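The lines below spell out each chain.
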Amino acid sequence: MFLEVETHCHTIASGHAYNTLEEMVLEAQKKGLKGICITDHGPEMPGSCSSLYFYNLIVVPRKINGIMVFRGCEANIVDYEGKIDIPEAALRRLDFVIASLHDVCIPSGTVSDHTRALIGAIKNPYIHCIGHPGNPLYEIDKEEVVLAAKEYKKAIEINNSSFYVREKSKENCIEILKLCKKHGVYIAMGSDAHYKTDIGRCEITQKLVCEYEFPPELIVNKSLESFISFLKLHGKDIEI
C-alpha cells in the first residue's frame, strides 16, 4: 500500500454508504493498512446520524483486529463563516475532523464566500483537515486557503473519489497540490470510500503526488507514525 492510514471513509451511519464500521475496518486490514479514520457525515447531511453518534464514538475500541481505529467525522460547513454542524462537546472527543462543503448543506456562492468559509473552518481548533477543496462547485482562492492551512498546521485533502464523482476537479486538485508543495503544507490522501472495496484507493492521487514530486514528509497519512505525529500537533496524544 502507498498509504498506511485511511483518513476518509463512511459507514452506513452516513445514510448513503453501505457497510458497517466493522466491515470497513476488516477491509482495511485485508488491504494491509495499519489505521483507519471513521469519518461519517455530520447531521446536516440528509439521512446521516445525530451528534450523539459522534459523541459516543469513544466506545469504539482503539484497535480492532490489530488495526488502529481513529474516531472522526466529516463535518458539514453550514455557513460562509466556516461554522460546522458538530457541537464542541462531541468534537473534543474525536481524533480527526474533516470539514467540507456539500451542496445539500450549503448553496454555492462567490469565490470570496467559499474561501472565507474554508478559512473559518481552518481556524477552528477542533478541525484538522479541509475535505475535497478541489470541488469546482465551490471555487476558492486556492493560495489563500493553503496559506491559512500552513498558519494553523492543518491538512488539505487530495480526495481520490473527486476524480470520479466531481467533474473538472482534477485541474483544481493539481493546482492545490502544487501550492501545498510550494508553501510546505500538509496533505491527506483520502479515498472518501462509501463502499468497503474503495478503502485505501488512491491510485490517481498517488500518481499526481509522484508526478509533481510532492514531499512524502508532508503526507500526513503516509505512515501510521506520521499520522500520529500530525495529530500530536493538535493536542491528540495517541499511542500506537
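Presented here is an overview of the structure given in this document. Keep in mind that this is a model prediction, so the values were computed, not measured.

**Regarding unusual backbone geometry**
For His-132, which is not glycine, the phi torsion reads 25 degrees and is therefore positive. On the secondary structure map, His-132 appears in the loop between β6 (129–130) and α5 (142–152). Positive phi values are uncommon outside glycine, yet Asp-192 reaches one of about 60 degrees. Looking at the element boundaries, Asp-192 is found in the loop between β8 (187–190) and α8 (203–211).

**Brief notes about the packing of aromatic side chains**
Applying the stated criterion across every chain, the model contains 4 aromatic pairs. Taken together, a centroid distance of 4.9 Å and an interplanar angle of 80 degrees make the contact between Phe-70 and Phe-227 edge-to-face. With Phe-70 in strand β4 (residues 67–76) and Phe-227 in helix α9 (residues 224–233), this pair connects stretches of sequence that are 157 residues apart. On the numbers, 5.2 Å between centres and 65 degrees between planes, the contact of Phe-96 with Phe-227 is edge-to-face. Within this pair, whereas Phe-96 is found in strand β5 (residues 96–100), its partner Phe-227 is found in helix α9, the two being separated by 131 residues in sequence. Comparing Phe-96 with Phe-227 shows no difference in burial state: the two are buried. Of the aromatic side chains, those joined through ring pairs into one cluster are Phe-70, Phe-96 and Phe-227.

**What to know about the packing of α5 against helix α7 (residues 169–183)**
Packed helix pairs are specified by the crossing angle of their axes together with the interaxial distance, meaning the distance between the axes. Viewed as axis vectors pointing N to C, α5 and α7 meet at an angle of 45 degrees, and their least axial separation amounts to 10 Å. By the angle between their axes, α5 is oblique relative to α7. At the point where α5 passes α7, the crossing takes the right-handed sense. Contacts from Lys-142, Glu-143, Val-146, Leu-147 and Lys-150 in α5 reach Asn-172, Glu-175, Ile-176, Leu-179, Cys-180, Lys-182 and His-183 in α7.

Cut-off values and rules
- Residues numbered from 1 in each chain as written.
- Predicted model: local features only at pLDDT ≥ 70, side-chain atom pairs only at ≥ 80, totals over all residues.
- Heavy atoms only, no water.
- Helix = DSSP H or I, 4+ residues; strand = E, 2+ residues; numbered from the N terminus.
- Phe/Tyr/Trp six-rings, centres within 6.5 Å; stacked < 30°, edge-to-face > 60°.
- Buried < 20%, exposed > 50% of the residue type's maximum accessible area, 1.4 Å probe, protein only.
- Axes fitted to C-alpha atoms, helices over the stretch in contact; angles between N-to-C directions.
- Parallel < 35°, antiparallel > 145°, perpendicular 65-115°, else oblique.
- Left-handed = near helix turned anticlockwise from the far one by under 90°.
- Contact = heavy atoms within 4.5 Å.

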